[in-house]
Amino acid sequence: MASSFPNVSALVAEARRTYGQVFGEEAPGMVAVCAPGRVNLIGEHTDYNKGFVLPMALPLVTVVVGSQTSGQDVTVVTLTEDADKPQKIHFSLPSDGSPLSPGLPSWANYVKGVIQHYRAPPVPGFRAVISSSVPLGGGLSSSASLEVALYTFLQQHKPDDGDKVSKAVACQQAEHTHAGVPCGIMDQFVSVLGKEGHALLIDCRSLEATPVPLQDPSLVILITNSNVKHALNGSEYPMRRRQCEEAASILGKDSLRDATMKDLEGVKDKLDDVTYRRARHVIEEIERTVRAAEALKRGSYKEFGKLMIESHNSLRDLYEVSCRELDELVAAAMEVDGVFGSRMTGGGFGGCTVTLLEAHAIDSTILHIQVKTHFYTCA
Ligand code: GAF
């Protein structure tokens, strides 16, 4: 089924309504902020290897509406877990600056983590409501969009120096320490610095980004949700990261960004098969991402699509982060005339695929995916 999603105004209206129901009258000085989710076009599991990624910000966003209070109390309500049944957390900010410990419910850890890593402490007490159109566990960065939206909310009450890259890094730290995911910088970076009508080629070593225009009306980017929920705070994501670090260490490199396939072949007998395959994916994916960005700039969509398929196959066979549903969605999309390429996007183990296609093929593509599979949602 093709889904429509609420726009920013509808999300703000929903959050304001809930604020009124939970806290009574709207407070003076109430603000509303938002931050986008993202889809990664190519460059998967390369960010924590200091490589390149090519994501774009989405019109799916997380909204935070609320106001500062005079005391040290923080009360946050979320509509993201279950829109019919808002969930509320309440805690006091430690007056001695001692850390806020992570705990349950797990969504509250994003709030606590961002407060902890906010770059202009101390944070004042506040009341806020969260609503979002980014699907949870869909691989479209629902967590990064919440972190960045909350950080932006805090900036309205206690401004920091406004440096955007440092803001993304602070939100990444929140994810590491409070959500337990040793993620790279991609999601938070593009949520802060994404540019409308553009993908962002991010160099995850220098933290420099080049916008790549994506405004061709003959082109469509289709996101299909397998509706298999992914969770990256299990053991698989951290294990991939450790395997990459181990390979880099055996190669004598600071990171896999500095390694070539020739280097890897040179140490093949010192690596077990799994570690070799993980490193091979990363080294080749970094190169693919740079080529893909060039192809996009030239309008060579066929070449871009071919690289997307190579990326998907590598994530499936070498990095082993795909799943049957994602593979079926990619296979179904690739059977349609006018589709350039398709691949899983994000951390994997479920979530979404991203497909690049000619605009005229959009209806036939959605229909074909519908006929061939039964577990998807398209946006
Ligand atoms: C998740 C992580 F949060 C990102 O940092 C990145 O590693 C991605 O998986 C895989 O490319 O979204």
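Since this is a predicted model, take the numbers as computed values, not measurements.

### Considerations on the pairing of strand β6 (residues 126–132)
Line of reasoning, step 1. Counting buried positions along β6 gives 5 out of 7 residues, so the element sits mostly inside the fold.
Line of reasoning, step 2. Looking at chain direction, strand β3 (residues 55–68) and β6 are connected through 7 bridges and run antiparallel. By the bridge assignment, V64 is partnered in β6 with I130.
Line of reasoning, step 3. Examined bridge by bridge, strand β4 (residues 73–78) and β6 share 5 bridges and lie parallel to one another.

### Points about the confidence of the model for the chain
Line of reasoning, step 1. Across the chain, the average pLDDT comes to 94, with 97% of residues at 70 or higher.
Line of reasoning, step 2. In the predicted complex, the global pTM is 0.96; the interface-specific ipTM is 0.99.

### Some words on the packing of aromatic side chains
Line of reasoning, step 1. What the rule picks out here adds up to 5 aromatic pairs.
Line of reasoning, step 2. Look at Y19 and F23: their rings are 4.7 Å apart centre to centre, the planes differ by 50 degrees, and that puts the pair in the tilted class. Taken together, the residues Y19 and F23, both in helix α1 (residues 8–23) and 4 residues apart, mark about one turn of the helix. Across this residue pair, the class does not change: Y19 and F23 are buried.
Line of reasoning, step 3. Aromatic side chains Y301 and F340 sit 5.7 Å apart centroid to centroid with 50 degrees between the ring planes, which places their arrangement in the tilted category. Residue Y301 is located in helix α9 (residues 301–317), and its partner F340 is located in strand β10 (residues 339–345); the two are separated by 39 residues in the primary sequence.
Line of reasoning, step 4. The ring of Y319 has R240 sitting right over it, with the charged end atom 6.0 Å from the ring centre.

### Looking at unusual backbone geometry
Line of reasoning, step 1. With omega at 0 degrees, the peptide bond leading from L104 into P105 counts as cis.
Line of reasoning, step 2. Mapped onto the elements, P105 comes out in the loop between β5 (87–92) and α2 (108–117).
Line of reasoning, step 3. The linkage connecting P121 with the following residue, P122, adopts the cis geometry, with an omega of -5 degrees.
Line of reasoning, step 4. Mapped onto the elements of the fold, P122 is located in the loop between α2 and β6.
Line of reasoning, step 5. One non-glycine residue, H45, adopts positive backbone phi at about 60 degrees.
Line of reasoning, step 6. Mapped onto the fold, H45 is located in the loop between β1 (31–40) and β2 (52–53).

### Quick word on the state of the cysteines
Line of reasoning, step 1. All told, the structure shown has 0 disulfides when counted by the stated rule.
Line of reasoning, step 2. C183 carries a free sulfur, and the closest cysteine sulfur to it, the one in C171, is 10 Å from it.

### So, the environment of V181
Line of reasoning, step 1. Relative to the assigned elements, V181 resides in the loop between α4 (164–179) and α5 (186–193).
Line of reasoning, step 2. V181 sits 54 residues away from S235 along the chain, and the two C-alpha atoms are 9.5 Å apart.

About the thresholds
- Residues numbered from 1 in each chain as written.
- Predicted model: local features only at pLDDT ≥ 70, side-chain atom pairs only at ≥ 80, totals over all residues.
- Heavy atoms only, no water.
- Buried < 20%, exposed > 50% of the residue type's maximum accessible area, 1.4 Å probe, protein only.
- Helix = DSSP H or I, 4+ residues; strand = E, 2+ residues; numbered from the N terminus.
- Pairing = 2+ DSSP bridges.
- pLDDT = per-residue confidence, 0-100.
- Phe/Tyr/Trp six-rings, centres within 6.5 Å; stacked < 30°, edge-to-face > 60°.
- Lys NZ or Arg CZ within 6 Å of the ring centre and 35° of its normal.
- Disulfide = S-S within 2.5 Å.

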